[in-house]
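One letter stands for each residue in the lines below.
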Amino acid sequence: MIRQPKAGLERMPGMKPSSSVSSLASTEKQDVTLSSLMHYTQRPSAKTTGPLQQTGRRHDDRLDERQQEMAEADDRLKGPLIPKKKRKKKSLITVNLSGTRYDVIRQMSEKLGYAVAKDDDPNSYLFWNDCFVATDRISEMKSFQRINHFPGMGEITRKDCLARNMAKVQKQLADDFSFAPKTWILPADHSLLLNYAKDLRAKKKTKTFIIKPSNGAQGHGIQLFRNAEKIPQTEHFIVQEYIDKPLLMDGYKFDLRLYVLVTSCDPLRVFLFDDGLVRLSTEKYLAPTEANINHSFMHLTNYSVNKHNEFYEKGESLSSGSKRSVQFFREYLRQNDINDGLLWQNIGDMIVKTLIVSEPHLLHAYRMCRPGAAPGSDSVCFEVLGFDVLIDRKLRPWLLEVNRSPSFGTDERVDYDIKSALIEDTIRLLNIKISDKSRNMAAQKAEARKRLFRQNKRTDGPDITEYEKKRQSIEKRKEELKETLARIRKVSAREDYENRNRGRFRRIFPPDDKIRHERYVQLLSSTFGIFMSGKAPAMQKEIQRVYNNKLKEVDVMDMLAECEADEKEGKYYTGGTGKPRGPKPLLSMPVSVPSPLENDEDEDEEMEDEETESMSASGSPSMARQGYHPGRRPGSSGRPDSRLSNDGTSSTFNSRPNSGVRSRPTSNMSAANQRSRSLSRTGNGKHTPLQRSTVDDNFLLSVVKEREDELTRKTLVALNEMRIKFPGKSDQEAEYILDKLHENWKFHKPRIASYWLVKLDSIKRRKVIDIVRSNVRAVLLRTWRVSDVDSLKVYRIFNRVFNRLLWSHGQGLWNCFSSSSNATSWEAIFSKSSENICEAELNCCRRIVQLCRDCLLIVYQFAAEAKSSQSNTPHPSSVDEHSSTGQSISARDKSLSLIPPNTQTMSQKYSKLYPATRTPSMGS
Ligand code: ADP
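Residues numbered from 1 in each chain as written. Predicted model: local features only at pLDDT ≥ 70, side-chain atom pairs only at ≥ 80, totals over all residues. Heavy atoms only, no water.

1. Quick look at the site of the ligand
Around the ligand there are 22 residues in total, and K212, G219, T301, N302 and E401 lie nearest to it. K253 places a side-chain nitrogen or oxygen 2.9 Å from a nitrogen atom of the ligand. Within the contact set of the ligand, an oxygen atom lies 2.4 Å away from a side-chain nitrogen or oxygen of E401. Taken by itself the ligand offers 540 Å² of open surface, and the protein chains cover 99% of this. For the shell around the ligand, the elements supplying multiple residues, two or more each, are β6 (209–213), β8 (237–241), β10 (252–265), β13 (383–391) and β14 (397–403). For the shell around the ligand, the residue count by class is eight nonpolar, seven polar and seven charged. (Near = heavy atom within 4 Å. Polar contact = N/O pair within 3.5 Å; in protein donor to acceptor, adjacent residues only side chain to side chain. Areas by Shrake-Rupley, 256 points an atom, 1.4 Å probe, with all protein chains shown as cover. Helix = DSSP H or I, 4+ residues; strand = E, 2+ residues; numbered from the N terminus. Nonpolar A, V, L, I, M, F, W, Y, C, P; charged D, E, K, R; others polar.)

This is the structure:
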């Protein structure tokens, strides 16, 4: 295997690039002395000729020391007049590879000059994991970091999820999504499968079916059946129509493994690698018959299956053996006068459409994990997917499955050649820069501050003047235009980078072809309609804005110039006297206050990550600025004061007379933030940095902390009082239902598990959790009196719990029903995290978990009752555990939604009671 030189070595000062690699290869040996390296500087230094002490020290340390000494020697050689500069150790982009077993990732990272970090290093720029990662982990990522998985990707990479989602889109867009073989999910679709087989028999047709475990891989558990009636009604399997006329190569069946890189889902960006693997079976193909359906070497093309056949041929090149390259395959087609370009285009089309199906799920999950991410900011997630494609004799590509952790094993030359290029191009396309850390954090902080400024501006109310309204509307327009301009510039810079660095990738979404692009945008709009129901109109609007934005940079700049001209000419002055009436605009007042973006350039790079992270959400610096109103005495009327004093619990912070200390009780800022960004202002209303620094920090901190604790306690009380309401039933009745479910737990357990883990897709699962989430948000709004709940620390904590409950396709919440230690396993998210949470916050989280559990039970019961009323059968919860009339919801409920459409009476009753939502709700 090719070993690449250590990145750090290439960077030695004074070294000629051409000679560095070969000569440095020798530095890997333990007995290298500095003198052997000094010939690069021509004149050796007396001090540096001795051998280095090596015992008990790490190789990297020794190299750093050598670098340092070389630098010093270099300085000395430049002569005594040049002042000795302290060389700053050059920082490297670090990658954490503790989650991957593939050496090729390390090799390529090092080839690109990245340094492999220690296994437990949480601050790396890039994380590579073979397994998919929990949403919680993605929530915790800092904005400059990247990880190789998206939350929500399971919706196309699990076989049953892919089948379910494809079935949904095929219902409305059959022509566009006919590339997926007909599929049934067992056991739910068993009767549909039998009906299909019956129809075939009536038409005197026979088909072969292939069954696969829902979450299987590498050919495990796959079987072929000639007769659908013989297929067992097994749980967690899918059945697919077998494509029995595949294109053959030298008489063998084969499939293609293609690699697709998704660099972002917000907005979607997809690249197809121009090479891949052709995996051949190892027994010549024959149409399936009863006699050969068990021949896995004939019908399956998996490497993991065929490598066990004695006829498996390890290829010495890209064009021979049982594994070959896609490039070879395309050449083979051309030699046989087949239009490989058209086939390749159809494959690309199929891949984009599959990702269009995934996009509503990806976007939803990503935004849940990364609330408040600046629009157009770099995605922390990316993913290399492995698409398995079968081609039939009519050259039609069929999607067999999508792998979220394709193998990067490099057993054979063809593997190494293709996968190393793939990984190298992938990492390069991510465009990770050492400055990302400071830049992204500054942008995040600016965004948080902007949000705060926006929040606190008043745009209505009886006392706001006409002048102020117009001024604000121009301000708002200017802000929007600036954002649009920044987005356009960002997109064009990104595209420019991609075009120069895409290597062997070709971007397939958004495509360059305009007609294709429009079609894809339409499809995206449709899939949001299919999967998002309630939120679809807003999302569809956003899709049009993001993907169909025809505005050019110059247009936006023109508009901005017009806006600024209006502003200068005072077009918003209502009196026409040239002078505005009413109060002096707030924005122009504190001259000493930097604009939200002003500080960002010289942000201290060394600033603690934790501090910046928490500040990004709270935007504490601008809170201080917002609280500062020269000329207004503490306690005089003004938004912060009135907001804080409303609840009658002394919510203002002016507890020291004339201290001028003021803060929003809503702050989620860390103590460090509050200290460094003082919230103070002096009694006379003047505000200078010096005075700011004289404020009694400890006092401030304790006041804010006390206030936060108090509000957290209030939140807990409110959460404890909250009850899940069963539509059309009183609180007592809802309690009774919950009690009943718990009493008959043995009976309901498998049904609830099937309902939650199998029946509901990720979006519906989220909807269940969202019932609790939206009510919790309402409590926070009321208790903390903020307009932006997302910026509260306590909400961020709650959000992590919600995400945890949705973890692993809902397994997170299901574990909470367990009587073992699993029930509290979600609490581990806090033990591993650097965020300190207090007892009251933890108790709030516990209550939230309990509410989510209750909510699931009520929703389950509601769906089941609705179903029973439809079929006039008594519902399981109303029958005894051992009653023979108790039926499984999972077996019967085919079109499950939280409120099935045919439960009119109940829904109507319910919508009167809870008009805001169509799902069961909570009352507090
Ligand atoms: P796994 O994840 O276990 O590899 P796949 O869906 O990739 O499962 O199927 C394994 C192999 O079975 C494929 O490589 C292909 O050769 C064959 N196969 C799977 N589905 C079909 C199908 N519908 N028609 C024909 N062959 C199929």
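2. Notes on unusual backbone geometry
For residues besides glycine, phi is generally negative; the peptide bonds are generally trans as well. Residue L186 is joined to P187 through a cis peptide bond whose omega torsion reads 5°. Examined against the element boundaries, P187 turns out to sit in the loop between β5 (183–186) and α9 (190–202). P510 follows F509 through a cis peptide bond whose omega is -5°. Mapped onto the fold, P510 is located in the loop between β15 (505–509) and α17 (514–532). In this structure, K204 takes a positive phi of about 55° despite not being glycine. If you trace the backbone, K204 turns up in the loop between α9 and β6. One non-glycine residue, L395, adopts positive backbone phi at about 65°. With respect to the helices and strands, L395 occurs in the loop between β13 and β14.

3. What about the sheet that holds strand β2 (residues 115–116)?
Read across the sheet, four strands follow the order β2-β1-β3-β4 without closing on themselves; strand pairing throughout is parallel. Of all the strands in the sheet, just β2 and β4 (146–147) have a single pairing partner and so form its edges. Two strands pair when backbone bridges link them, and strand β1 (residues 94–99) and β2 are joined in this way by two bridges, in the parallel orientation. Looking at the pairing, V95 lines up with V116 of β2. Of the strands in this sheet, β1, β2 and β3 (126–129) are in contact with helix α5 (residues 103–111), which crosses β1 at around 175°. (Pairing = 2+ DSSP bridges. Contact = heavy atoms within 4.5 Å. Axes fitted to C-alpha atoms, helices over the stretch in contact; angles between N-to-C directions.)

4. Points about the pairing of β3
Burial of the side chains of β3 extends over both faces: L126 and W128 are buried on one face and F127 and N129 on the other. Judged from the three bridges that link them, β1 and β3 form a sheet pairing that is parallel. Counterpart to G99 in the pairing with β3 is N129. In terms of strand pairing, β3 meets β4 through two bridges, oriented parallel. Across the sheet, residue F127 finds its bridge partner in β4, namely I147. On the question of chirality, the crossover connecting β3 to the parallel β4 by way of helix α6 (residues 135–140) is right-handed. (Buried < 20%, exposed > 50% of the residue type's maximum accessible area, 1.4 Å probe, protein only. Right-handed = clockwise from strand over helix to strand, strands pointing away.)

5. A few points about the environment of D415
Relative to the elements of secondary structure, D415 occurs in helix α14 (residues 413–430). Here the alpha-carbon distance between D415 and G315, two residues 100 residues apart in the chain, equals 9.9 Å.

6. A look at helix α26 (residues 731–743)
Between its first and last C-alpha atoms α26 spans 18 Å; for 13 residues at 1.5 Å apiece the expected length is 18 Å, and the two agree. Taken together, the buried positions of α26 are A734, I737, L738 and L741. Relative to the axis of α26, the buried residues are bounded by an arc of 95° and lie together on one face. Structural note: α26 exposes Q732, Y736 and E743 on the side pointing more than 90 degrees away from its buried face. (Expected span 1.5 Å × (residues − 1). Arc of directions from axis to C-beta.)

7. Here we look at the nonpolar core
If you look at the biggest cluster of nonpolar residues, it comprises 67 residues, and the most contacted ones within it are M166, L256, L258, F329, L355 and F387. Take this core: its biggest share by element is 13 residues, from helix α13 (residues 340–369). Every residue in contact with F387, bar those within four places of it in the chain, is listed here: L256, R257, L258, V260, I351, T354, L399, E401 and V402. Within the second largest apolar cluster, 58 residues are counted, among which are W784, F798, L857 and A863. (Core = buried A, V, L, I, M, F, W, Y, C linked by side-chain atoms within 4.5 Å.)

8. Some points on empty space enclosed by the protein
Picture a little ball the size of a water molecule; that probe, rolled over the atoms, points out where space is still empty. Within the structure shown, the criterion is met by seven cavities of 30 Å³ or more. Taken as a whole, the largest cavity holds about 260 Å³ of empty space. Forming the boundary of the largest cavity are 23 residues, of which G152, S762, R766, L806 and H809 lie nearest the centre. Every element with two or more residues in the lining of the largest cavity is listed here: α7 (154–157), α13, α28 (762–784) and α29 (793–815). (1 Å grid on protein atoms, 1.4 Å probe; cavity = no way out; pocket = protein on both sides within 12 Å on 5 of 7 lines; lining within 4 Å. Points joined across faces, edges and corners; volume = space filled by probe spheres on them.)

9. What to know about the side chain of N165
Inspection of the secondary structure puts N165 in helix α8 (residues 159–172). The class of N165 is buried, set by a relative accessible area of 0%. Ignoring sequence-local partners within four residues, the contact set of N165 consists of E155, V357, H361 and F531.

Coordinates in, geometry out; function isn't part of it.
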